[in-house]
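Structural description and commentary
Single-letter residue listing:
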Amino acid sequence: MKSILSVLIPALLIVGKSFSQEKNTAFRVLGNVSFNQKPVESATVALLKAKDSSVVKISATLKDGNFEILTNQLGNFLISIQALGFNKYYSKVFYLSDNQGSVKFENIALTQAVKNLETVTVSSKKPLIEQKIDKTILNVEASVTNVGATALEVLEKAPGVTVDKDGNISLKGKAGVQIFIDGKPAYVSGQDLTNLLTNMQSSQLDQIEIMTNPPAKYEAAGNAGIINIKTKKTKAFGFNGSVGVNYSQGFYGRGGENVNLNYRENKFNVFGSLSHNYRKNYQNLYVDRKFIDATSKNVLSIFNQVNHLFNQGEAYRAKAGADWFVSPKTTIGVVVNASSNPNTFTSNGVINISDPNAVLQSKTLAAASNPDNPKDFSTNLNFRRVLGKKGQEITADLDYINYNSTASQNLNNKYYDSYGNPTFKPDTLLGSLPQTINIYSAKIDYTMPLKNEVKFEAGIKTSYVKTDANASYDSVINGNLVHDYNRSNHFIYEENVNAAYVNFSKPFSKKITAQLGLRLEHTVSKGNQITTNIQFNKNYVQLFPTAYVQYILNDKNTFVLNYGRRIRRPDYESLNPFIEFIDKYTYQQGNPNLQPQFSHNIELSHTYKNFLTTTLNYTNTTDIIQQVLEQNTATNQTYVKQANIAKQHQFGIAINAATQFTKWWSSNFYVNVYNNLFSGIINNAYEEIGATSAVFNVSEQLKFNKGWSAEVSGFYRTKAVESVFTINPFGQMSVGVSKQLLKNKATIRLAVSDILYTQKVSGYNKLGNIDASFKQDRDSRQVSLAFTYRFNKTKGKVANVQKRKTGGADDEESRINKSN
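Residues numbered from 1 in each chain as written. Predicted model: local features only at pLDDT ≥ 70, side-chain atom pairs only at ≥ 80, totals over all residues. Heavy atoms only, no water.

What follows deals with the overall build of the chain. Scanning the chain for helices and strands turns up 3 helices and 47 strands. Burial analysis of the chain (820 residues in total) assigns 53% to the buried set. Once local pairs closer than 6 in sequence are excluded, the contacts in the chain between residues at least 24 apart make up 67%. Surface accessibility of the chain: about 36200 Å² in total, with carbon and sulfur atoms responsible for 57%. (Helix = DSSP H or I, 4+ residues; strand = E, 2+ residues; numbered from the N terminus. Buried < 20%, exposed > 50% of the residue type's maximum accessible area, 1.4 Å probe, protein only. Contact = heavy atoms within 4.5 Å. Areas by Shrake-Rupley, 256 points an atom, 1.4 Å probe, with all protein chains shown as cover.)

Right under this line is the structure:
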């Protein structure tokens, strides 16, 4: 408690001081920026004092060209507007007073710069963390220590994000995060999502957007919110792009290459990217279990396992697309993505089984090999039409996604007594585990401004998903291959989700803005276990309201209150009742009786001077989906499966502070303190598990002369409850340097991650008759070197391209498993 107060008291003092010093009147400067009657997005708008042109406040135009600046200062001012490819604009001097509370600029038309930009390279330094009203943004390239990292490792350093021992992602201590890539879900979950993010290089990433309570326009899926990973793209006229190469050395080496290209001429824009990476990594896993009699609570046997895991593979990814600007108001686009990930996962383990007095009784040598080459293909057709009224538009998306896996499995076990003598004949289990998933999706979104600055949004969506998983196992008995009917399983799952939403937003005054939304989702699903002729059907309709209120006290203090109801549907593979064998004594089994979990999320945030943001949150989750362990004491076997085990209450506070100490030294500090309380039936017994935990993220960035910069960053997690496990504290520290070369067209970066080799995870589960603990270490300390070269052949203007998501196959994609 003392440590929590030491964090909260300074923050509350700062907030209290801001109330005592600031005026309560806020004045508005607003307007619209355009070129050739088309809105100019992301132009920099600065409010300047007339007497000396000093900057009072800076803002940027939205996609419709509108901007708004709030200030509590009186006097004479002017505004300046800058955008790449245009001449700088200065307004006339205007006066703000108690009688003149707002100034509005109508249709500011920029003029095109004459200068040829063919040989100009624009280089700007973004902050590491940007705190927006509705989301937090992590700029990936702003961190030197991200060089050579995977997307999963970048996420692990993001504010409020935690990654557990199996690669599962949580946000502010809550599981059930929805991962998006370029505005559409990553269509993987669990270990398969880990594999996908491991195969993405940080050099491919632009930003990571973190939304804890998305509005009604987004799918309601994602108990903890949405994390949107945005890859690099450009929108300049002419031919431009970048190429990069990186290499990292830990115990093993890994590296990759990537190229991004874009060409814009007149009414057409063509873009594409190619990437390849290769990797080798290891992981050591130590597991101790005690098998306890459920009635007497006496220890029956002790299980000690040491596993050495090795993963080797490559990843090939390609994206190609085109936009056709039929007219200034109509755009048609297409995007195609494809990837292939050949890999092999191997495991070699020693399993010792002892009696209650820890006297060794038997030993098993277990070896497993899992080769696979998952491939996926997706295509998206999109349409945008700007209608008559300013800001009125309609967009549409059609998506098709296909995923195909040809995984196989080879398990070998050899059995010995305590003296090393063979006791049973070795056994071999061979598995063929192909899986095919097809997703079809269509959606339409409509936006219309109404009177009194009211904005109306509405949309509909339909999706259909079919998964086909056919697991076939054969056993080798006395040298003969015998089909294992008891372990084989063929499962087909179909799901149709139809959704509609409405959303209203309105400023009620200069200080108060509100947004209300409602989303309806109708889900129809059917599962068919062909092997056993068992079927299940589900049909349910749910409403998901959202509410959002912003109060601007003055130009330095802003409050935001928001609420949302969300759903987490079971992953497709979690519903499949077939048994997947991890080793002789550990199985993983699906659960066709899984129900969706629902959560109510409330957040209250305060932002001071755009550098300090404090957020209070409360979440109530029912039918929570969590991984549980079940044991068979007679065979020393453990089953791992998903179940609706409990309800969860969480209270939390998060503080993010971005400080510029000097021109060359900036800092970002983030802390999230939360209390999780789980209560429910776990392993046939009522349990309450609770803990107060904290996550700290720190980044110190130094900028020197002649293009040099450096960074020291790290994170630390206190003891925390994750699912049925209690995870012990751990953390890591990384350092890096970078240098701009070739007139800022190239960057070279050198970084060392987990320099102290402290990112070692351990934990335990002691619920009911379960007594299990684990330790894990991996190849986390890496020395990485990366080189990036940027080029452009622009033609003196900037494309006003409406950024489009890559598709509309939303929630359904994020629930597919792609096994390695």
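Read on, since the account is not over.
In this structure, the second largest pocket occupies an estimated 280 Å³ of space. Lining the second largest pocket are 17 residues, with Asp427, Thr428, Ser475, Val476 and Arg487 sitting closest to its centre. Counting only elements with at least two residues in the lining of the second largest pocket, the list comes to β26 (393-417), β27 (427-449), β28 (455-477) and β33 (579-583). The residue makeup of the lining of the second largest pocket, split by class, is 7 nonpolar, 5 polar and 5 charged. (1 Å grid on protein atoms, 1.4 Å probe; cavity = no way out; pocket = protein on both sides within 12 Å on 5 of 7 lines; lining within 4 Å. Points joined across faces, edges and corners; volume = space filled by probe spheres on them. Nonpolar A, V, L, I, M, F, W, Y, C, P; charged D, E, K, R; others polar.)

A few words on the pairing of strand β38 (residues 665-682). Counting buried positions along β38 gives 13 out of 18 residues, so the element sits mostly inside the fold. In this sheet, strand β39 (residues 685-703) lies alongside β38 in antiparallel orientation, the contact comprising 18 bridges. In the sheet register, Ile682 faces β39, and the bridge partner there is Ala685. (Pairing = 2+ DSSP bridges.)

Looking now at the side chain of Arg264. Position of Arg264 among the secondary structure elements: in strand β19 (residues 253-265). A polar contact is formed between the side chain of Arg264 and the backbone oxygen of Asn266, at a distance of 3.2 Å. (Polar contact = N/O pair within 3.5 Å; in protein donor to acceptor, adjacent residues only side chain to side chain.)

Let's shift gears to the pattern of salt bridges. Once their charged atoms are close, side chains differing in charge can pair, the charge on each being opposite to the other. Per the stated rule, a full pass over the model turns up 14 salt bridges. A salt bridge links Lys461 to Glu219, with the nearest nitrogen and oxygen atoms 2.8 Å apart. Placement of the pair is Lys461 in strand β28 and Glu219 in the loop between β16 (205-211) and β17 (225-231), with a sequence separation of 242 residues. The class for Glu219 is buried, based on a relative accessible area of 4%. Lys443 is the partner of Asp445 in a salt bridge, and the nearest nitrogen-oxygen pair spans 3.5 Å. Given a relative accessible area of 7%, Asp445 falls into the buried group. (Salt bridge = Lys/Arg side-chain N within 4 Å of Asp/Glu carboxyl O.)

Among soluble globular proteins, nonpolar side chains are generally buried collectively. Counting 28 residues, the largest nonpolar core has Leu155, Val161, Ile169, Leu197, Ile208, Ile227 and Ile229 as its most contacted members. For this core, the elements supplying multiple residues, two or more each, are α2 (151-156), β12 (161-163), β13 (169-171), β14 (177-181), α3 (190-198), β16 and β17. Looking at this core, the element that brings in the most residues is α2, giving 4 residues. For Ile229, the residues in contact, after removing those within four places along its chain, are Leu155, Ile179, Phe180, Ile181, Asp182, Leu197, Leu205, Gln207 and Ile208. If you look at the next biggest cluster of nonpolar residues, it comprises 22 residues, including Val724, Ile727, Phe730 and Phe774. (Core = buried A, V, L, I, M, F, W, Y, C linked by side-chain atoms within 4.5 Å.)

All right, on to the confidence of the model for the chain then. When the pLDDT values of the chain are averaged, the result is 83; 88% of them are 70 or greater. The low-confidence segment residues 1-25 (pLDDT under 50) makes 29 contacts with residues lying over four places distant or belonging to another chain. This stretch, residues 115-124, has a pLDDT under 50; its non-local contacts, to residues over four places away or in other chains, come to 19 contacts. (pLDDT = per-residue confidence, 0-100.)

Let us now look at the environment of Leu629. Tracing the chain through its elements places Leu629 in strand β36 (residues 612-632). Remark: the alpha-carbon pair of Leu629 and Leu767, spanning 138 residues in sequence, is separated by 9.6 Å.

With that out of the way, let us pick up the environment of Gly564. Relative to the assigned elements, Gly564 resides in strand β32 (residues 557-568). Residues Gly564 and Thr212, 352 residues apart in the sequence, show an inter-C-alpha distance of 9.4 Å.

Sheet faces and side chains relate simply in a regular strand, where the side chains alternate between the two faces. β16 sits mainly inside the fold: 6 of its 7 residues count as buried. As defined by bridge partners, strand β11 (residues 136-139) adjoins β16 across 4 bridges and the pair is classed as antiparallel. Across the sheet, Leu138 pairs through a bridge with Ile208, a residue of β16. Looking at chain direction, β16 and β17 are connected through 6 bridges and run antiparallel. Following the sheet pairing, Ile210 is matched in β17 by Ile227.

The relation between two aromatic rings is expressed through the spacing of the ring centres and the mutual angle of the planes. One pass over the full model with this rule turns up 26 aromatic pairs. Aromatic side chains Phe35 and Phe86 sit 4.9 Å apart centroid to centroid with 65° between the ring planes, which places their arrangement in the edge-to-face category. In this pair, Phe35 sits in strand β1 (residues 27-35) while Phe86 sits in the loop between β6 (75-82) and β7 (89-90), placing the two residues 51 residues apart along the sequence. For the pair Phe35 and Phe86, one class covers both residues: buried. Between Phe239 and Phe791, the ring centres sit 5.5 Å apart and the planes meet at 40°, which makes this aromatic pair tilted. Within this pair, whereas Phe239 is found in strand β18 (residues 238-249), its partner Phe791 is found in strand β47 (residues 782-793), the two being separated by 552 residues in sequence. Here the aromatic residues Phe251, Tyr252, Tyr282 and Phe310 are joined through ring pairs into a cluster of three or more. In this structure, Lys766 packs its charged tip against the face of Tyr764, placed 5.9 Å from the ring centre. A cation over an aromatic ring shows up here: Lys775 above the ring of Tyr286, its NZ or CZ 5.7 Å from the ring centre. (Phe/Tyr/Trp six-rings, centres within 6.5 Å; stacked < 30°, edge-to-face > 60°. Lys NZ or Arg CZ within 6 Å of the ring centre and 35° of its normal.)

Here the focus is the side chain of Asp376. Along the polypeptide, Asp376 turns up in strand β25 (residues 375-386). Relative accessible area serves as the criterion here: at 6%, Asp376 is assigned to the buried category.

Let us look at the environment of Arg749. Looking at the element boundaries, Arg749 is found in strand β44 (residues 746-753). Residue classification places Arg749 among the buried positions, given a relative accessible area of 16%. Here the alpha-carbon distance between Arg749 and Ala786, two residues 37 residues apart in the chain, equals 5.3 Å. In this view, Arg749 contacts Glu141, Ser143, Val144, Val147, Val737, Ser738, Ser784, Leu785 and Ala786; residues no more than four positions away in its chain are not counted.

On to unusual backbone geometry. Located in the positive-phi region is Lys743, a residue other than glycine, with phi close to 55°. The phi torsion at Tyr757 lies on the positive side, around 50°, for a residue other than glycine. The topology assignment puts Tyr757 in the loop between β44 and β45 (761-765).

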